[in-house]
Amino acid sequence: MRLHRTRQSSSVPPPRSVRTPRRARRITLPRLLGSLLLVTAAGAAAGSGPAAAAPAPRPLGQVVPAPVEAKPGGSPYAITAGTRIRVESESREARRIADQLAGVLRPSTGYALPVTGRGSDGIRLRLDPHDDASGAEGYTLRSNPGSVTITAREPAGLFHGVQTLRQLFPARVERNSRQEGPWTVAGGTVRDAPRYAYRGAMLDVSRHFFSVAEVKRYIDQLALYKLNKLHLHLSDDQGWRIAIDSWPRLATYGGRTEVGGGPGGYYTKADYREIVRYAASRYLEVVPEIDLPGHTNAALASYAELNCDGVAPPLYTGTNVGFSSLCVPKAVTYDFVDDVIRELAALTPGTYLHIGGDEAHSTAHDDYVAFMNKAQAVVGRYGKTVIGWHQLTGATPVGGTVAQYWGYDRTGADERKQVADATARGTKLVLSPADRGYLDMKYDKDTELGLSWAGYVSVRRSYDWDPAAYLDGARPGSVLGVEAPLWSETLTNSAEIEQMAFPRLPGIAELGWSPASTHDWDAYKARLGAQGPRLSALGIDYYRAPEVPWAAE
Ligand code: NGO
């Protein structure tokens with residue numbers, strides 16, 4: 001009997017940044033005509049010889065997220081058949097980043113682009129330990145006719161600089177097949193570093209399970225926009241998605257289904273390590289979440305002893321929330337919590353461990369407080385920093401705990417104040433306002449996928465707010481950053497993830513990265529519109545929001 005399905009593809013991912021979705025998309029007539037026109041136009045341009053006016057390179061500042069500073073100056077740089085990618089430092093990470101860049105550029109330019117050592121020409125990646133201005137994640141990109149040089153103090157900065165460089169080439173650079181040049185980058189200098197240290201996206205792999213390959217595809221997309229945290233919602237009423245050796249039935253039984261009754265699945269420890277490794281190679285830290293003490297039906301169904309009445313409920317495939325709770329008075333509950341957190345902490349190199357804490361409507365308030373306080377201590381014992389949904393501020397957050405705020409315009413003043421007051425006692429904030437940052441909210445009344453309990457969230461609404469000013473009374477400096485959660489009650493595959501995430505995800509990424517001084521909807525929507533052909537080239541079928549002036553494909 002087959003006990004589980006992990007749905008991991010065994011094939012090695014090809015060396016492209018983003019692969020095509022698992023389910024083939026239909027090629028529509030307009031799409032086909034569009035590509036034919038492109039081919040014809042490219043052919044005409046090629047035939048008209050080098051004297052024909054080459055399109056001007058993209059302005060240096062036309063990237064998402066907006067850089068701190070972009071100073072145009074001098075003549076452009078162009079990749080040619082003889083270009084080398086040079087790793088200017090003895091660093092395996094710098095070498096890997098150079099290889100990743102070559103993996104993007106080779107198929108579309110058709111050039112060999114060997115990755116080699118030092119030299120004054122070509123695309124140069126340089127680590128400079130004294131480059132304090134770049135900080136932990138920033139970089140400088142200098143472009144002139146002889147070279148493009150990306151300099152950073154840390155490899156993460158080089159990686160982010162490479163993402164900027166990708167956007168400075170024409171969108172077709174992201175295609176998998178050979179395209180016409182020229183491959184020019186405007187002359188000048190980009191200086192860049194993030195506004196916030198925490199720039200996250202969450203994927204709910206519980207309501208519907210997503211394979212390792214699907215998670216990797218999303219990681220690649222997050223990395224394009226310089227996000228640095230991948231929060232995985234690994235357990236909920238509908239499914240437990242991570243193997244725990246000391247409680248094996250959590251995954252083998254509790255992972256057996258999903259919303260709507262599909263087959264579900266779970267990550268083996270090897271699968272999870274592979275996700276962590278892949279994310280780290282794109283400079284994203286995995287933040288695992290086990291939602292406690294509510295949202296636990298899958299666990300309660302797997303082990304009868306976790307229930308106060310000792311009776312296991314059936315597995316659940318609906319979409320209600322707030323009906324399940326761990327049994328707070330029972331000692332075995334804390335053996336469970338300790339084992340799960342210990343094993344998960346051991347698998348996770350990152351700083352954080354998320355313990356949920358939302359919608360514990362079936363847990364009495366005193367029980368909730370007692371439970372969350374104990375669970376926080378367990379996380380601390382295994383060396384991790386606690387993150388919880390902002391209801392955790394109703395218990396006693398330990399110093400340095402992070403509250404993830406997911407309120408919306410109708411959240412009561414008392415609840416907001418409780419969270420703001422916690423910041424005075426040292427609680428930090430990650431902001432995910434549901435009516436701004438939730439990627440699962442419908443764009444408008446015509447959106448087929450998604451939910452609408454927090455209202456419709458247009459592209460403008462998700463972008464047009466300031467994290468620093470969002471929560472009245474929060475201590476200045478308490479905001480660590482932003483996160484865009486994507487809940488999956490209605491989402492089953494990569495194409496559906498992408499319809500909801502794009503184009504709102506780049507806006508949240510920009511709020512996390514770009515200086516507040518660059519915040520301007522009109523300027524942003526023009527830069528976002530220019531991303532359209534790039535997303536298409538990557539195989540991302542984004543929502544063509546009418547409020548954005550999409551560039552012609
Ligand atoms: C809420 C709820 C989740 C739902 C989500 C749907 C939080 C933190 N708890 O957000 O269980 O899936 O809304 O939008």
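Keep in mind that this is a model prediction, so the values were computed, not measured.

1. Topic: the side chain of threonine 363
- Following the sequence through the fold, threonine 363 ends up in the loop between strand S15 (352-356) and helix H9 (365-381).
- One polar contact links threonine 363 to serine 325, side chain to side chain, over a distance of 2.8 Å.
- Those residues in contact with threonine 363 that sit more than four places away from it in its chain are Pro293, Ser325, Val328 and Tyr368.

2. What about the pattern of salt bridges?
- For the structure shown, the criterion picks out 32 salt bridges.
- Between aspartate 99 and arginine 95 there is a salt bridge, with its nearest N and O atoms 3.4 Å apart. Note that aspartate 99 and arginine 95 are positioned in helix H2 (residues 92-109) at a spacing of 4 residues, about one turn of the helix.
- In this structure arginine 95 comes out as partly exposed when scored by relative accessible area, which is 38%.
- Of the charged contacts in the structure, one is a salt bridge between arginine 544 and glutamate 553, with a shortest N-O distance of 3.9 Å.
- You can call arginine 544 partly exposed: its relative accessible area is 37%.
- Each of Asp204, Arg207, Asp236 and Glu489 takes part in salt bridges that share partners, so that together they form one network.

3. Side note on the nonpolar core
- Formed by 139 residues in total, the largest nonpolar core has its most connected members in Trp240, Ile242, Tyr267, Tyr272, Phe336 and Leu505.
- At 8 residues, the largest contribution of residues to this core is made by helix H8 (residues 331-347).
- If we skip the residues at most four places from it in the chain, tyrosine 267 touches Val205, Phe209, Phe210, Ser211, Val212, Val215, Leu234, Arg241, Ile242, Ala243, Tyr272 and Ile275.
- The next biggest cluster of nonpolar side chains, apart from the first, holds 10 residues, and it includes Trp389, Trp406, Ala454 and Trp487.

4. Notes on the site of the ligand
- Looking at the ligand, there are 14 residues lining it, with Arg207, Asp358, Tyr438, Asp440 and Glu489 nearest.
- The side chain of arginine 207 places a nitrogen or oxygen atom 2.8 Å from an oxygen atom of the ligand.
- Taking 340 Å² as the accessible area of the ligand by itself, protein coverage stands at 98%.
- Class assignment of the residues belonging to the shell around the ligand gives a composition of 8 nonpolar, 1 polar and 5 charged.

Rules behind the numbers
Residues numbered from 1 in each chain as written. Predicted model: local features only at pLDDT ≥ 70, side-chain atom pairs only at ≥ 80, totals over all residues. Heavy atoms only, no water. Helix = DSSP H or I, 4+ residues; strand = E, 2+ residues; numbered from the N terminus. Polar contact = N/O pair within 3.5 Å; in protein donor to acceptor, adjacent residues only side chain to side chain. Contact = heavy atoms within 4.5 Å. Salt bridge = Lys/Arg side-chain N within 4 Å of Asp/Glu carboxyl O. Buried < 20%, exposed > 50% of the residue type's maximum accessible area, 1.4 Å probe, protein only. Core = buried A, V, L, I, M, F, W, Y, C linked by side-chain atoms within 4.5 Å. Near = heavy atom within 4 Å. Areas by Shrake-Rupley, 256 points an atom, 1.4 Å probe, with all protein chains shown as cover. Nonpolar A, V, L, I, M, F, W, Y, C, P; charged D, E, K, R; others polar.

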